[in-house]
Amino acid sequence: MASTSQQQQLQATRAAQKAADAAEKRERLKRALPATVELLQSRQADRIDDRDIDAYVDLNWLEWHGGGLRLTITGRNVCAQSSATAVA
């Protein structure tokens, strides 16, 4: 049986891995957001993975509006930051 300190260390390791996975997913979504916006603008939202849509909505980068998806102000800011980073 593992000691309390070993259990705490294991929990901390798991929490750190979970945080790293979430940060990696967020970064992937951030890089993909401009292409996602293009798909929305060209009315090809069916080409966006459902899990990505859920993640974008959870991040408040996209929102449901009248049965369709649209970019939020936060999403616009993320796109602008991505564009500025790509140019720099």
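Residues numbered from 1 in each chain as written. Predicted model: local features only at pLDDT ≥ 70, side-chain atom pairs only at ≥ 80, totals over all residues. Heavy atoms only, no water.

1. Concerning the pairing of strand β1 (residues 62-65)
For a regular strand, side-chain orientation follows a simple rule: the groups alternate between the two sheet faces.
Then comes step 1: Where β1 meets strand β2 (residues 68-71), 4 bridges bridge the pair, whose relative direction is antiparallel. Each residue of the ladder has a partner; that of His65, found in β2, is Gly68.
Then comes step 2: Where β1 hands over to β2, the hairpin turn is made up of 2 residues, of which Gly66 adopts a positive phi near 60°. (Pairing = 2+ DSSP bridges. Helix = DSSP H or I, 4+ residues; strand = E, 2+ residues; numbered from the N terminus.)

2. Comments concerning the pattern of salt bridges
Then comes step 1: Across all of its chains, the model carries 3 salt bridges by this definition.
Then comes step 2: A salt bridge links Arg28 to Asp52, with the shortest nitrogen-to-oxygen separation between them at 2.9 Å. Separated by 24 residues along the polypeptide, Arg28 in helix α1 (residues 4-41) and Asp52 in helix α2 (residues 50-58) bring together distant segments of the chain.
Then comes step 3: Under the relative-accessibility criterion, Asp52 is labelled buried at 16%. (Salt bridge = Lys/Arg side-chain N within 4 Å of Asp/Glu carboxyl O. Buried < 20%, exposed > 50% of the residue type's maximum accessible area, 1.4 Å probe, protein only.)

3. Description of the nonpolar core
Then comes step 1: Ranked by size, the top nonpolar core spans 15 residues in total, and within it Leu33, Tyr56, Trp61, Leu62 and Leu71 carry the most contacts.
Then comes step 2: Elements represented by at least two residues in this core include exactly α1, α2, β2 and α3 (73-87).
Then comes step 3: Looking at this core, the element that brings in the most residues is α1, giving 5 residues.
Then comes step 4: Ignoring any residue separated from it by four or fewer positions in sequence, one finds Trp61 in contact with Arg26, Leu29, Lys30, Leu33, Tyr56, Arg70, Leu71, Thr72, Thr74, Gly75 and Val78. (Core = buried A, V, L, I, M, F, W, Y, C linked by side-chain atoms within 4.5 Å. Contact = heavy atoms within 4.5 Å.)

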